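Here are the chains, one letter per residue:
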Amino acid sequence: MQQVVPDFGTTSSRKLAEVFVIYDADGTVAGELLYIVKKWFGRGHCAACVITHGPKREKPEFTSWKEQLGVSLHNIHRDEMDIDLYNATRGRPFPCVVARDVDGEYVYVMTPEELEKCEGQVYRFEHHLVSKLSEAGFATEEVLERSASDPLAYKRRPSAALQSAQSPVSDACLVPEQ
């Protein structure tokens, strides 16, 4: 099974530095509890949470995929954004995905509706993200492929320069079991 993920910046004028998946929830204990209660009562939903997390933790296939990326991918809550990221999303709905290029420019690349189209599937998110990054002018050559025998195993293909070092990722978005 061929897996498409971005090659960050070797053939485009815009080079990707990092990607932010921003949840429609707050990262505080109260925010997490409120999200869980709303979810239980059918009043809370975060398409990004459903893509990245299972009932108790981050999905293994999402973890595996993001660890193979040549740039940092951060899972953050809307109250955990720095001022520049906040300004880039001001007036925009959550959840969303925002990319930052190496020049520090933020690009809002995926809307809540586009995240919903992924139907909680990591592979759909991967393909939509690649498409949206390409539309935004980022290079998106294939650099990884999944083994057909083990869909969680990735093989790195040789690639040109990677644009940033890995940095810690905030994993947060508890989804109650159903």
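A full pass over the atoms with the stated rule returns 4 aromatic pairs. With centroids separated by 6.0 Å and ring planes inclined at 50 degrees, the aromatic side chains of Phe-62 and Trp-65 adopt a geometry described as tilted. Of the two residues, Phe-62 and Trp-65 are both situated in helix H3 (residues 60–67); the distance of 3 residues between them amounts to about one turn of the helix. Residue class for Phe-62 comes out buried when judged on its relative accessible area of 0%. When the centroid spacing of 5.9 Å and the interplanar angle of 85 degrees are considered together, the rings of Trp-65 and Phe-125 count as edge-to-face. Taken together, the positions of Trp-65 in helix H3 and Phe-125 in helix H6 (residues 122–135) put the pair 60 residues apart, joining distant regions of the chain. Judged by its relative accessible area of 0%, Trp-65 is buried. Sitting over the ring of Phe-138, Arg-14 keeps its end group 5.3 Å from the ring centre. For Arg-92, the ring lying beneath its charged end belongs to Tyr-108, and the centroid distance is 4.4 Å.

What follows covers the pattern of salt bridges. This model, assessed by the stated rule, comprises 9 salt bridges. We note a salt bridge from Glu-18 to Arg-100, for which the minimum N-O separation is 2.7 Å. Placement of Glu-18 in strand S1 (residues 16–23) and of Arg-100 in strand S3 (residues 96–101) is noted, with a sequence separation of 82 residues between them. Of the two residues examined, Glu-18 and Arg-100, each falls in the buried class. For Arg-124, the salt bridge is made with Glu-119, and the minimal N-O distance between the two is 2.1 Å. For Arg-124, a relative accessible area of 28% translates into the label partly exposed. On the accessibility criterion, Glu-119 (55% relative accessible area) is exposed. The structure contains a network of salt bridges with shared partners spanning Arg-14, Asp-101 and Glu-105.

Looking now at H6. With 14 residues, H6 should cover 20 Å at 1.5 Å per step; its first-to-last C-alpha distance of 20 Å lies within 8% of that length. For H6, the full list of buried residues reads Val-122, Phe-125, Glu-126, Leu-129, Val-130, Lys-132 and Leu-133. At the C-terminal side of H6, Gly-137 shows a positive phi close to 95 degrees.

That bond from Phe-94 to Pro-95 is cis: its omega, 0 degrees, falls within 30 degrees of zero. By the secondary structure assignment, Pro-95 is in the loop between helix H4 (83–89) and S3. A positive phi angle, close to 50 degrees, is found at Glu-119, a residue other than glycine. Tracing the backbone shows Glu-119 in the loop between helix H5 (112–116) and H6.

Our next topic: the packing of H3 against H6. Remark: H3 packs on H6, axes separated minimally by 9 Å, with the N-to-C direction vectors making an angle of 35 degrees. Taken together, the residues of H6 that come into contact with H3 (itself represented by Glu-61, Phe-62 and Trp-65) are Val-122, Phe-125, Glu-126 and Leu-129.

Confidence in the prediction for the protein averages 75 pLDDT; 67% of positions are at 70 or higher. When mean pLDDT is taken per element in the protein, H5 scores highest with 97 and strand S5 (residues 144–146) scores lowest with 37. The low-confidence segment residues 142–178 (pLDDT under 50) makes 111 contacts with residues lying over four places distant or belonging to another chain.

Here we take up the pairing of strand S4 (residues 106–110). Among the 5 residues that make up S4, 5 are buried, leaving the element largely enclosed by the rest of the structure. Strand direction decides the pairing type here: S3 and S4, joined by 4 bridges, are antiparallel. The residue bridging Val-98 from the neighbouring strand is Tyr-108, located in S4.

The rules behind each value
- Residues numbered from 1 in each chain as written.
- Predicted model: local features only at pLDDT ≥ 70, side-chain atom pairs only at ≥ 80, totals over all residues.
- Heavy atoms only, no water.
- Phe/Tyr/Trp six-rings, centres within 6.5 Å; stacked < 30°, edge-to-face > 60°.
- Helix = DSSP H or I, 4+ residues; strand = E, 2+ residues; numbered from the N terminus.
- Buried < 20%, exposed > 50% of the residue type's maximum accessible area, 1.4 Å probe, protein only.
- Lys NZ or Arg CZ within 6 Å of the ring centre and 35° of its normal.
- Salt bridge = Lys/Arg side-chain N within 4 Å of Asp/Glu carboxyl O.
- Expected span 1.5 Å × (residues − 1).
- Axes fitted to C-alpha atoms, helices over the stretch in contact; angles between N-to-C directions.
- Contact = heavy atoms within 4.5 Å.
- pLDDT = per-residue confidence, 0-100.
- Pairing = 2+ DSSP bridges.

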